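Chain and residue survey
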Number of protein chains: 2
Amino acid sequence: MRKGMLEYCIMLLLRRQPCYANDIIQRLHEAQMIVMEGTLYPLLSRLKRDGLLGYEWRESTQGPPRKYYVLTDDGQQALDQLDASWEEILRTVNILKIKE
Amino acid sequence: MRKGMLEYCIMLLLRRQPCYANDIIQRLHEAQMIVMEGTLYPLLSRLKRDGLLGYEWRESTQGPPRKYYVLTDDGQQALDQLDASWEEILRTVNILKIKE
DNA sequence: TGTTAGTACCTTGCGATACAAGGTATTGTA
DNA sequence: TACAATACCTTGTATCGCAAGGTACTAACA
C-alpha cells in the first residue's frame, strides 16, 4: 500500500536537510518505512532529471564521496502539491472509514 | 500517489455494504477518489480470486443484472491488516512532517 | 605494493498496479 | 427490429518497487 508514498516521504525528508542515499534509507527506516537501494537510486535520478532535486558531492571521512541531494525550488513547489494530495487522501480515507 | 490506496478504499466501502462496480465508482468519486472501470474490474476479480470478496447477482429495475460484491471473513481480516498498514503510514508521514 | 573489507553509486530484469481503449452481453424503448 | 443505456470484461502500455548483480573509490593491513 505504501506504493507511491515513497516519493513524498523522500521529499519530506529533503525539505529538512540535504541527504545522501544511505542517510535517506536510514532515516526512513527510523520512521518505519523500508526502502531498498534498487528502488531509491532510480527514484533520485528521476527526480533529479525532472528538476525537482539537485545534488552536490561531499567528501566523507570514511569512504568515497557522497551525493547529497537537495530540493530545488521546483521540488519545493512539487512538494507543496504532494502535501495537498496527501491531505486529500486523508480526507478520502476518513470519509470512507467514518461513513455510516 | 493514491496508487495502492485503491484496494484499501474499496474494501472500506464494502465493509459498510455490498456494492456493484458503478456503485463503487460513484461512491469513491463522492469521497474524492477517481477510479476507472479498467482498473476496478480486474481488481475486483483479483480480490474475488484471492478469497477476500464474494459476490451475488441481483436484478436491476433498469438494465442487466449486477454483481454485488461483499467482504468475506478472510476479506475482513485482510482489511484489519490494511487498517494497521494505514495507521503505520500515517505515523511515518507525521514523523517526517513534524521532525525538527 | 597488492589484497581485502567497507562504503557508495548505479543498472537490469521481473512482477504488480493503474489507466486508456476497445469489446461483449443484457435490458428496455421507440 | 433497431438502437441506446447499462453492466461486465480484456488487452496493451506505462510506472513503481524489489531482488540481484555490478562498478568504483577508500582505508587498513599483510
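Data block above holds the structure.
Because the structure is predicted, anything quoted here is derived from the model rather than measured. (Residues numbered from 1 in each chain as written. Chains lettered and ligands numbered in written order. Predicted model: local features only at pLDDT ≥ 70, side-chain atom pairs only at ≥ 80, totals over all residues. Heavy atoms only, no water.)

1. What to know about the overall build of chain A
Counted only if it meets this: We count a stretch as a helix when DSSP gives it H or I for four or more residues in a row; a strand needs E for two or more, and each element gets its number in order from the N terminus. Between buried and exposed lies partly exposed: a residue is buried under 20% and exposed over 50% of the maximum accessible area for its type, with that area taken using a 1.4 Å probe on protein chains only. By definition, residues are in contact when any of their heavy atoms lie within 4.5 Å. Only the protein chains shown count as covering a residue, and every accessible area follows the Shrake-Rupley method with a 1.4 Å probe. A residue counts as positive if it is Lys or Arg and as negative if it is Asp or Glu; His and the chain ends are not included. Where a charge lies is defined by one atom per residue type: Lys uses NZ, Arg uses CZ, Asp uses CG and Glu uses CD.
Per the secondary structure count, chain A includes 4 helices and 2 strands. Structurally, chain A occupies a C-alpha span of about 60 × 25 × 20 Å along its principal axes. Taken across its 100 residues, chain A has 40% of its residues classed as buried. Across chain A, the fraction of contacts at a sequence separation of at least 24, relative to all contacts at a separation of at least 6, is 48%. When the accessible surface of chain A is summed, it comes to about 5600 Å², and 48% of that surface belongs to carbon and sulfur atoms. Treating the 14 positive side-chain charges of chain A as one cloud and the 14 negative ones as another, the clouds have centres 4 Å apart.

2. Looking at the pattern of salt bridges
For clarity, the threshold we go by: Criterion for a salt bridge: a side-chain nitrogen of Lys or Arg within 4 Å of a carboxyl oxygen of Asp or Glu.
In this structure the tally under the stated criterion is 12 salt bridges over all chains. Measuring nitrogen to oxygen at the nearest pair gives 2.8 Å for the salt bridge that ties E7 of chain B to R46 of chain B. On the criterion of sequence distance, the pair formed by E7 of chain B in helix α1 (residues 6-16) and R46 of chain B in helix α3 (residues 37-49) is long-range, its members being 39 residues apart. We classify E7 of chain B as partly exposed; its relative accessible area is 23%. Residues participating in the shared-partner salt-bridge network are E7, R46, R49 and D50 of chain A.

3. Topic: the packing of helix α4 (residues 73-98) of chain A against α1 of chain B
When two helices pack together, you describe them by how their axes are tilted relative to each other and by the distance separating the axes. The line we're drawing: Simply put, an axis is a line fit to the C-alpha atoms, just over the touching stretch for a helix, and the angle between two N-to-C directions goes from 0 to 180 degrees. Orientation categories follow fixed angle ranges, with anything under 35 degrees roughly parallel, anything over 145 roughly antiparallel, 65 to 115 roughly perpendicular, and all other angles oblique. Helix crossings are classified by the rotation of the near helix relative to the far one: an anticlockwise turn of less than a right angle makes the crossing left-handed, while a clockwise turn makes it right-handed. Note on residue categories: nonpolar means Ala, Val, Leu, Ile, Met, Phe, Trp, Tyr, Cys or Pro, charged means Asp, Glu, Lys or Arg, and polar means any other residue, Gly included.
The interhelical angle for the contact between α4 of chain A and α1 of chain B, taken along N-to-C directions, is 20 degrees, at an axis separation of 8 Å. By the angle between their directions, the pair α4 of chain A and α1 of chain B is classed as roughly parallel. Crossing hand, α4 of chain A versus α1 of chain B: left-handed. Counting all contacts with α4 of chain A, which are made through T92, V93, L96, K97 and I98 of chain A, the residues of α1 of chain B involved are Y8, C9, L12, L13 and R16 of chain B. Class assignment of the residues belonging to the contact of α4 of chain A with α1 of chain B gives a composition of 7 nonpolar, 1 polar and 2 charged.

4. A closer look at the protein's contact with DNA strand D
Formally: Residues are labelled near a given molecule or strand when at least one of their non-hydrogen atoms is within 4 Å of it. Whenever a nitrogen or oxygen atom comes within 3.5 Å of another N or O atom, the pair is scored as a polar contact, on the condition that within protein one atom can donate a hydrogen and the other can accept it, and that pairs from neighbouring residues in sequence are kept only if both atoms are in side chains.
Looking at DNA strand D, there are 23 residues lining it, with G4 and T39 of chain A together with Y41, R66 and K67 of chain B nearest. What you see for DNA strand D is that sugar and phosphate hold 70% of its atoms within 4 Å of the protein. T39 of chain A has a polar side-chain atom sitting 2.5 Å from a phosphate oxygen of DNA strand D. R66 of chain B has a polar side-chain atom sitting 2.5 Å from a phosphate oxygen of DNA strand D. Elements with a minimum of two residues in the surface near DNA strand D: α3 (37-49) of chain A together with α2 (21-30), α3 and β2 (66-71) of chain B. In terms of residue count, α3 of chain B provides more of the surface near DNA strand D than any other element does, 4 residues in total. Looking at the surface near DNA strand D, its residues break down into 10 nonpolar, 7 polar and 6 charged.

Any functional reading would require information that these geometric values do not contain.
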